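Architecture at a glance
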Amino acid sequence: MSSLSEIRQLFFVECEEQLEELTDGLDALQDAVSDGEQDPETVNTIFRAVHSIKGGAASFSLDAITRFAHVFETILDEVRGGQQELTSELMREFYAASDYLAELVSLGAAGDEPDAAALEGQIERIGALSTGEDDGEADLSDAFVPVSLDFGFGDPAGDDAVQSDGFSIRFVPSRALYANGHEPLHLFRELETLGTLSVEALLDEGADATDDPETPRLSWSLTLETACDEEPIREIFEFAEPHAEITIDPLPAAAPAFDLSAFEAPSDDDEGFAPPAFPIPSEGEAPEAGSDVLPFPADAAAPDAPASDAPAPDAPAPEPDPDAAEEKKPGAKAAAAKATVRVNLDIVDDLINIVGELLITQSVVTQAVQEAGLQNGTRLATSLEEFRSLTRHIQEGVMAIRAQSVKPLFQRMGRIVRETAQIAGKNVRFVTEGEDTEVDRTVIERLVDPLTHILRNAIDHGLETSETRVAAGKDPQGTVTLSAAHRSGRVVIEVADNGGGINREKVLASAISKGLVAENAVLGPAEIDRLLFTPGFSTASAVTSLSGRGVGMDVVNSEIKRLGGRVSILSTPGEGSTISISLPLTLAVMDGMVVDVAGETLVVPISAIAETIRPKAAQLHRIDRTAQMLNLRNVVIPIIDLGQVFGYSTESAIERDGVLLLLEDDQGTQRALAVDRIHEQRQVVIKSLESNYGHVDCVAAATILGDGRIALIVDIDEITHRGAPASSASASGPDTKGVSA
């Protein structure tokens, strides 16, 4: 990859950051507008983000981005200049402009050109919001009115008047300036809009020809004649300042042209002429009251005398203050920022795989040491424990590299909500919570489609129209909340709406009409809710651009199951619905409990285990020949025998003096998993079965143990949610015939 291509790629990476800042600013501004407040600082932040994208795009001749961003920032400049007032309508246009700008950036990154007609239409649409006629250029004709001061030295407006307003600028770029995609030429062109600019390029003659060719040798000396103050100049250099040494000094004021004839020596014929007297008192003498004599300070030095605070010739020079030197050093502030390194994601994925193999090797060594019968405390056992600890730290560090916050995903969903609300004709307020929650990036990438379907359903089916909401005594504006949080070693993402809830009568009627359920079937609320995940199911009476195909929630269910997660629904009629997605934090490594079931070794994810129990006979209650219950702290909990689930044994593990693993899901529902014996807790490397073999019921994945054997990782969600209680419903695939335990 050439150097220019690398810089171009870096520009688009930074564009994503600027777009994220733009979205954050718009969200903050929307809240301020809703509260009837104005937030000038946020407007400035949004303006700078758009301006930065425009400047970088111009450097790479991305005309579409440059043109649209210029019109966009013109409107923003009018808002921050007080020429326009922020309204809800204007905020909607800003959101639409932000979405289109993101689309242009995406097209530019892919090397594609936008549709010319669509581009012109968007430019015309956003440009129509402007209240000025100068394409966003500020009219300063009324901003500054010069005042003439007559000192009696002649006409200041005459031919001899001298214009001296302006600044002398020295611009010395660093290597980082070009690495970040900045181009001095564009900065100088921006300066030209403030006044008359003259530029002189300076070559570093002292640089060796063998020096690094990427190290800049050119610096510039600029003279800008302008009536503006220093602040607009600083704004132009704002993003380049951390990567360059920039000195801005006012130009020295030129002396006015005086008519010296007024000061010619008088002739003998001139009578009454006397030069003004400025008597200077002697040192320490006070002038008389009311006189024109200026006091001479006693501690002032004579013109030719050295300054009083100057060191004596033989006095040692003062020690320099290192802190002060650091403050004056150019770029010192920028160096204090946290350094980051961008790494190719393929390299990170390879590193993840290597760490996985390292964990397997550690398990093999541990197994070999145990088989050798070495006691704890030996040198080998101690070294093995250190090896295990280091492996754990490496694994956690590598996983932290691949983890990223869900914020970009949530911001992307904001655009989906706005578009869906516009199509559905509903007034929707979108709220996000827990944007800093970190998840494996692989999980985030595969959440786009499921969340898109859920949000569209929440708006199209969940929220009522404004008229219906008002009639029901609700706020005419519906709310959709997207949240994320870490719970019990998993990440839980929820989409909640305050709409009318699930119309279960309509759902059941639709399922009967499609032949998915028998006409005489009697289903509970949880079982009816699970019908929403059946392939081909839809309650829409007609196919629209939003719904009616019957593939939405089925896609959600299938994709979440592939990620090792589950989907659950909690709905209250008249109050709204919440769809919860529970996912593992990573798809590479997990903590598991290695158990024995009828002679077979299985792995149970430890994040699902609340506690382990060796039950007493008095705690066990049999309902029929197969079903057993556990009475734990006055709570009756159903027991699921893992050996019977997989067909390893027809005899219950409890009858073989087994152990119970108490499981608890996000809704607080408890199950007891019966196994024969617990071996140990260890980290296991997740190996996909679907990509290497195929789907196996009740199995999430597989792993390799220390002795080289393959052990299956139990799909706790599928096992425990086949019989969900009536308080909640969880998707467990196409099978909807589960019965509550």
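Residues numbered from 1 in each chain as written. Predicted model: local features only at pLDDT ≥ 70, side-chain atom pairs only at ≥ 80, totals over all residues. Heavy atoms only, no water.

1. What to know about the overall build of the protein
Just so we agree on the cut-off: Counting from the N terminus, the helices are DSSP H or I runs at least four residues long and the strands are E runs at least two residues long. By definition, residues are in contact when any of their heavy atoms lie within 4.5 Å. Here the Shrake-Rupley method, with its probe set to 1.4 Å, supplies the accessible areas, and only the displayed protein chains count as covering residues.
In terms of regular secondary structure, the protein is built from 21 helices and 23 strands. The long-range fraction of contacts in the protein, counting pairs at least 24 apart against all pairs at least 6 apart in sequence, stands at 68%. Only carbon and sulfur atoms are counted for the fraction: they give 51% of the accessible area of the protein, which is about 41800 Å².

2. Re the pattern of salt bridges
Let me state the cut-off plainly: For this analysis, a salt bridge means a side-chain nitrogen from Lys or Arg found within 4 Å of a carboxyl oxygen belonging to Asp or Glu. Only protein chains enter the accessibility calculation, which uses a 1.4 Å probe. A residue is then buried if its area is under 20% of the maximum for its type, exposed if over 50%, and partly exposed in between.
Under the counting rule described, the total for this entry stands at 24 salt bridges. Its salt-bridge partner being Arg 80, residue Asp 77 comes within 2.8 Å of it at the nearest N-O pair. Pair noted here: Asp 77 and Arg 80 are both in helix H3 (residues 63-80), with a separation of 3 residues, about one helical turn. Asp 77 sits in the partly exposed class, given a relative accessible area of 22%. Between Glu 464 and Lys 474 there is a salt bridge, with its nearest N and O atoms 3.0 Å apart. On the criterion of sequence distance, the pair formed by Glu 464 in the loop between helix H15 (448-462) and helix H16 (466-471) and Lys 474 in the loop between H16 and strand E8 (478-487) is long-range, its members being 10 residues apart.

3. Points about the nonpolar core
Stated formally: Only buried Ala, Val, Leu, Ile, Met, Phe, Trp, Tyr and Cys residues count toward a nonpolar core, and they belong to the same one when joined by side-chain atoms within 4.5 Å.
With 43 residues, the main nonpolar core has Leu 409, Met 413, Leu 447, Leu 451, Val 495, Ile 560 and Leu 583 as its most contacted residues. Ignoring sequence-local partners within four residues, the contact set of Val 495 consists of Leu 451, Ile 454, Leu 455, Ala 458, Val 480, Thr 481, Leu 482, Ser 577, Thr 578 and Ile 579.

4. Focus: the sheet that holds strand E21 (residues 699-704)
Our working rule: At least two bridges found by DSSP between two strands is the condition for calling them paired. Axes, fitted as lines to C-alpha atoms, cover a helix only where it is in contact. Angles between the N-to-C directions of the axes lie from 0 to 180 degrees.
Strands sit in the order E20-E12-E13-E22-E21 across an open sheet of 5 strands; the sheet is mixed. Lying at the two open borders of the sheet, with one neighbouring strand each, are strand E20 (677-685) and E21. With direction set aside, neighbouring strand axes in the sheet form an average angle of 35°. Sheet analysis places strand E12 (residues 589-597) next to E20, joined by 8 bridges and oriented antiparallel. Residue Val 595 lies in a different strand from E20, and its bridge partner there is Ile 678.

5. Some thoughts on unusual backbone geometry
Positive phi outside glycine occurs at Ala 598, with the angle close to 50°. Residue position: Ala 598 is located in the loop between E12 and strand E13 (600-605). The class for Ala 598 is partly exposed, based on a relative accessible area of 31%. In the Ramachandran plot, Asp 657 falls in the positive-phi region, its phi being about 60° despite a non-glycine side chain.

6. Section: the packing of helix H2 (residues 40-59) against H3
Rules: Roughly parallel means an angle under 35 degrees; roughly antiparallel, over 145; roughly perpendicular, 65 to 115; everything else is oblique. Each crossing is labelled by how the near helix is turned from the far one, with a counterclockwise turn of less than a right angle marking it left-handed and a clockwise turn marking it right-handed. Amino acids are sorted into nonpolar (Ala, Val, Leu, Ile, Met, Phe, Trp, Tyr, Cys and Pro), charged (Asp, Glu, Lys and Arg) and polar (every other residue, Gly among them).
Two elements in contact, H2 and H3, have axes whose closest approach is 9 Å; the angle formed by their N-to-C orientations is 155°. The angle between H2 and H3 falls in the class roughly antiparallel. Here H2 and H3 pass one another in a crossing that is left-handed. Packed against H2, whose contacting residues are Val 43, Asn 44, Ile 46, Phe 47, Val 50, His 51, Ile 53, Lys 54, Ala 57 and Ala 58, the element H3 presents Ile 65, Thr 66, Ala 69, His 70, Phe 72, Glu 73, Leu 76, Asp 77, Val 79 and Arg 80 at the interface. Split by residue class, the contact of H2 with H3 holds 12 nonpolar, 4 polar and 4 charged.

7. Considering helix H7 (residues 184-192)
Condition: The directions considered for the arc are those from the helix axis to the C-beta atoms.
Within H7, the full set of buried residues consists of Pro 184, Leu 187, Phe 188 and Leu 191. All buried residues of H7 fall inside an arc of 100° around its axis, so they share one side. Looking at the packing, one finds that the buried side of H7 touches strand E1 (167-173), helix H6 (175-179), strand E2 (196-203), strand E3 (218-225) and helix H8 (230-236).

8. What to know about the side chain of Ser 571
Selection criterion: Here a polar contact is recorded for every N or O atom pair within 3.5 Å, except that within protein the pair must consist of a potential hydrogen donor and a potential acceptor, and residues adjacent in sequence are included only if both atoms are side-chain atoms.
Within the secondary structure layout, Ser 571 lies in strand E10 (residues 566-572). Reaching out from Ser 571, the side chain makes a polar contact with the backbone nitrogen of Ile 502 at a distance of 2.9 Å. Here Ser 577 takes part through its side chain, which lies 2.9 Å from a polar atom of the side chain of Ser 571. Those residues in contact with Ser 571 that sit more than four places away from it in its chain are Gly 501, Ile 502, Arg 504, Gly 576 and Ser 577.

9. Some points on the environment of Ile 416
Along the polypeptide, Ile 416 turns up in helix H13 (residues 407-424). For Ile 416, a relative accessible area of 15% corresponds to the buried category. Here the alpha-carbon distance between Ile 416 and Asp 99, two residues 317 residues apart in the chain, equals 9.9 Å. Among all residues touching Ile 416, those that are not within four sequence positions of it are Thr 452 and Arg 456.

10. Observations concerning a nonpolar patch on the surface
Threshold: Patches were defined on residues exceeding 30% relative accessible area and lacking a salt bridge, with like-charge contacts within 9 Å and nonpolar side-chain contacts (Val, Leu, Ile, Met, Phe, Trp, Tyr) within 5 Å.
Residues Val 341, Val 343 and Ile 347 make up a contiguous nonpolar surface patch of roughly 300 Å² in combined accessible area. Assignment of secondary structure puts Ile 347 in helix H11 (residues 345-371). For Ile 347, a relative accessible area of 51% gives the class exposed.

11. Details of the packing of aromatic side chains
Convention followed: In summary, the pairing rule links any two rings of Phe, Tyr or Trp, Trp by its six-membered ring, whose centres are within 6.5 Å, and it sorts them by plane angle into stacked for under 30 degrees, edge-to-face for over 60 and tilted for everything else. Two conditions define a charge located above a ring, namely a distance within 6 Å from the ring centre to NZ of Lys or CZ of Arg, and an angle within 35 degrees of the ring normal.
One pass over the structure, following the stated rule, counts 10 aromatic pairs. Taken together, a centroid distance of 5.1 Å and an interplanar angle of 70° make the contact between Phe 68 and Tyr 100 edge-to-face. With Phe 68 in helix H3 and Tyr 100 in helix H4 (residues 88-110), this residue pair connects regions lying 32 residues apart in the sequence. For Phe 68, a relative accessible area of 0% corresponds to the buried category. Using a relative accessible area of 8% as the deciding quantity, one classes Tyr 100 as buried. Aromatic ring contacts, followed pair by pair, group Phe 68, Phe 72, Phe 94 and Tyr 100 into a single cluster. We note Arg 80 situated over the ring of Phe 47; from NZ or CZ to the ring centre the distance is 3.7 Å.

12. Focus on the confidence of the model for the protein
Fine structural detail should not be taken from predicted coordinates in areas where pLDDT scores are low. Convention followed: A residue's pLDDT is the predictor's confidence in that residue, given on a scale from 0 to 100.
Per-residue pLDDT for the protein averages 75, and the proportion of residues at 70 or more is 75%. Overall, residues 257-337 carries pLDDT values under 50, and its contacts beyond four positions in sequence, including any with other chains, amount to 20 contacts. The low-confidence segment residues 723-741, where pLDDT is below 50, has 44 contacts with residues more than four positions distant or belonging to other chains.

13. Concerning the packing of H4 against helix H5 (residues 116-127)
The geometry of a pair of packed helices is captured by two quantities: the angle between their axes and the separation between those axes. For the pair H4 and H5, interaxial distance at closest approach is 11 Å and the crossing angle is 150°. Here H4 lies roughly antiparallel to H5, going by the angle between them. Like other packed secondary-structure pairs, H4 and H5 cross with a definite hand, here left-handed. Note on element contacts: H5 touches H4 through Ala 118, Leu 119, Gln 122, Arg 125 and Ile 126, opposite Glu 93, Ala 96, Ala 97, Tyr 100 and Leu 104.

14. Some points on the environment of Thr 578
Within the secondary structure, Thr 578 sits in strand E11 (residues 576-584). Along the primary structure Thr 578 and Ala 458 are separated by 120 residues, whereas in three dimensions their C-alpha atoms are 9.1 Å apart.

15. What to know about the side chain of Thr 23
Take Thr 23: it is sitting in helix H1 (residues 3-34). The residues contacting Thr 23, other than those within four sequence positions of it, are Ser 98 and Gln 411.

16. As for the pairing of E13
Within E13, 5 of the 6 residues are buried, leaving the element largely enclosed by the surrounding structure. Where E12 lies against E13, 6 bridges are found, and the strand directions are antiparallel. Within E13, the position partnered with Met 593 by the bridge is Val 604. The hairpin turn running from E12 into E13, its antiparallel successor, is 2 residues long, and Ala 598 in that turn takes a positive phi close to 50°.

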